[in-house]
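# Notes for the structure review
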Amino acid sequence: MKRNIIAIAIIVTMFGCQNAERKAESADAMSIDELNKEGIDTATSKIIKTADMRFRVKDVQHTKERLSETIKAQGGTVAEFSIQSNIQETDKIKQSTDSLKEITSYRTEGYLVAKVPSEKLDEFTNTISKMAVFVNSSSMKMDDQSIVYLANKMKAHNRVVASKQIGEIPSKKVENVETSIALNDDYVDKKIDNMSIDSKVKFSTITLNFYQDNTVKTMVVANDNLYDYRPAFANRLWLSITNGWTIFKEIILALTNLWMLFVLGIGMFFTIRYFVRKNKSAMELSYKKRG
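Residues numbered from 1 in each chain as written. Predicted model: local features only at pLDDT ≥ 70, side-chain atom pairs only at ≥ 80, totals over all residues. Heavy atoms only, no water.

### Some details on the overall build of the protein chain
Helices and strands together make up the secondary structure of the protein chain, namely seven helices and six strands. Listing each helix as α and each strand as β along the protein chain from the N terminus yields α-β-α-β-β-α-β-α-α-β-β-α-α. Taken over 291 residues, the protein chain has a buried fraction of 21%. For the protein chain, the share of sequence-separated contacts (at least 6 apart) that also reach a separation of at least 24 residues comes to 81%. Entry remark: accessible area of the protein chain is about 21500 Å², with carbon and sulfur atoms responsible for 59%. (Helix = DSSP H or I, 4+ residues; strand = E, 2+ residues; numbered from the N terminus. Buried < 20%, exposed > 50% of the residue type's maximum accessible area, 1.4 Å probe, protein only. Contact = heavy atoms within 4.5 Å. Areas by Shrake-Rupley, 256 points an atom, 1.4 Å probe, with all protein chains shown as cover.)

Shown next, in the form of structure tokens:
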């Protein structure tokens, strides 16, 4: 009897496993059918265009304004721009005691990054060529993201299917919940990646570098050499003489303040002289007595 029960249990288990495998195969078949129904198996053309140009213009500021107007008229936007002037050479020539003529040679360059509708990229580059005195370089790059876009779309669909299957499992284990959250996050990442690709396909990025000929500008500036502000030689000579006389008078006045020291010094001089002479006379008198 026990053997019959064990045999029946084994048979039921085998049938259960086969049914589970069949259900999994049917689920896979359904996902593939759904993909085919949605047309996901066909890669959509996703071409990203980028362009670069370097060109010479007559006036950088004026060109930047015209470029902004043209980009706006064609439905594009300016993503970044900058204008800078680099000094090539400068010189200062003395005009008078307090002024100099400053002569500066500088080069002005402009940098602009724009996003324009992809279908108008060729028209836009042709318009820029007409603004330029001449074009140094011009290039365009086409990046086919069709396969990446299709892969993201299929992976996103697979994550939706897997998340639903996990949600249908009666047991709400922590592992299942975390797996479902991770699948949903991956789904969001793939959708955002495709949104980014769509945006880049719709709007092409073009980088523009433009410059003008060196400009020479002259202007009068203050003389910052302090030596030039000194008086002429004759004035300085007379000032030195008067300054020397002033110093001499100050010295006399300073010595006058020390008159007590002079009196004391003179008194000590005569006192020492008196005693020296007295000693000398005494010594001479003693020598005479001995002789």
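And the narrative resumes.
### Here we look at the pattern of salt bridges
In the structure shown here, the tally under the stated rule is three salt bridges. Between lysine 46 and aspartate 198 there is a salt bridge, with the nearest N and O atoms lying 2.9 Å from each other. Taken as a pair, lysine 46 in the loop between helix H1 (2–38) and strand S1 (47–56) and aspartate 198 in helix H5 (residues 174–202) lie far apart in primary sequence, 152 residues in all. One salt bridge in this structure joins glutamate 109 and arginine 107, with 3.3 Å as the shortest N-O distance. Note on arginine 107: relative accessible area 24%, which makes it partly exposed. (Salt bridge = Lys/Arg side-chain N within 4 Å of Asp/Glu carboxyl O.)

### With respect to the packing of aromatic side chains
Per the counting criterion, the structure on display carries four aromatic pairs. Taking the centre distance of 5.6 Å and the plane angle of 15 degrees together, the rings of phenylalanine 55 and phenylalanine 210 count as stacked. Placement of phenylalanine 55 in strand S1 and of phenylalanine 210 in strand S5 (residues 203–211) is noted, with a sequence separation of 155 residues between them. Taken individually, phenylalanine 55 and phenylalanine 210 each receive the classification buried, so the pair is uniform in this respect. Consider the rings of phenylalanine 269 and phenylalanine 270, whose centres lie 5.4 Å apart with planes at 75 degrees: the pair is edge-to-face. Looking at lysine 46, its charged tip hangs above the ring of tyrosine 149, at a distance of 4.4 Å from the centre. (Phe/Tyr/Trp six-rings, centres within 6.5 Å; stacked < 30°, edge-to-face > 60°. Lys NZ or Arg CZ within 6 Å of the ring centre and 35° of its normal.)

### Quick notes on the nonpolar core
The biggest cluster of nonpolar side chains holds 18 residues, and the ones touching the most others in it are Phe55, Ile128, Ile206, Leu208 and Phe210. Within the residue set of this core, elements represented by two or more residues are S1, helix H2 (60–73), strand S3 (99–117), helix H3 (121–131) and S5. Residue contacts for isoleucine 206: discarding those within four places in its chain leaves Ala51, Met53, Leu112, Val113, Ala114, Leu121, Phe124, Thr125 and Ile128. (Core = buried A, V, L, I, M, F, W, Y, C linked by side-chain atoms within 4.5 Å.)

### So, the confidence of the model for the protein chain
Taken residue by residue, the protein chain gives an average pLDDT of 78. The fraction at 70 or more is 77%. By mean pLDDT, H1 is the weakest element of the protein chain at 44, and S5 is the strongest at 94. Low pLDDT, under 50, characterises residues 1–32; the stretch is placed with two contacts to residues that sit more than four places away or in other chains. Every residue in residues 35–40 scores below 50 in pLDDT, and together they form 10 contacts with partners more than four places removed in sequence or on other chains. (pLDDT = per-residue confidence, 0-100.)

### Examining the pairing of S1
Here S1 pairs with strand S4 (residues 134–144) via 10 bridges, running antiparallel. Pairing of alanine 51 across the sheet is with methionine 140, part of S4. (Pairing = 2+ DSSP bridges.)

### A closer look at the packing of H2 against H3
Any two packed helices are characterised by how steeply their axes cross, that is the angle between the axes, and by the distance between the axes. One can describe the packing of H2 onto H3 by two numbers: an axis separation of 11 Å at closest approach and a directional angle of 160 degrees. Between H2 and H3, the angle falls in the class roughly antiparallel. Relative to H3, H2 is oriented so that their crossing is right-handed. Contact residues: H2 offers Arg66, Leu67, Thr70 and Ile71, while H3 offers Phe124, Thr127, Ile128 and Met131. For the contact of H2 with H3, the residue count by class is five nonpolar, two polar and one charged. (Axes fitted to C-alpha atoms, helices over the stretch in contact; angles between N-to-C directions. Parallel < 35°, antiparallel > 145°, perpendicular 65-115°, else oblique. Left-handed = near helix turned anticlockwise from the far one by under 90°. Nonpolar A, V, L, I, M, F, W, Y, C, P; charged D, E, K, R; others polar.)

### Concerning H3
Three or more residues of H3 are buried, namely Leu121, Phe124, Thr125, Ile128 and Met131. Each buried residue of H3 sits inside an arc of 110 degrees when the element is viewed along its axis, so together they form one side. Where H3 is buried, its residues meet S1, H2, S3, S4 and S5. (Arc of directions from axis to C-beta.)

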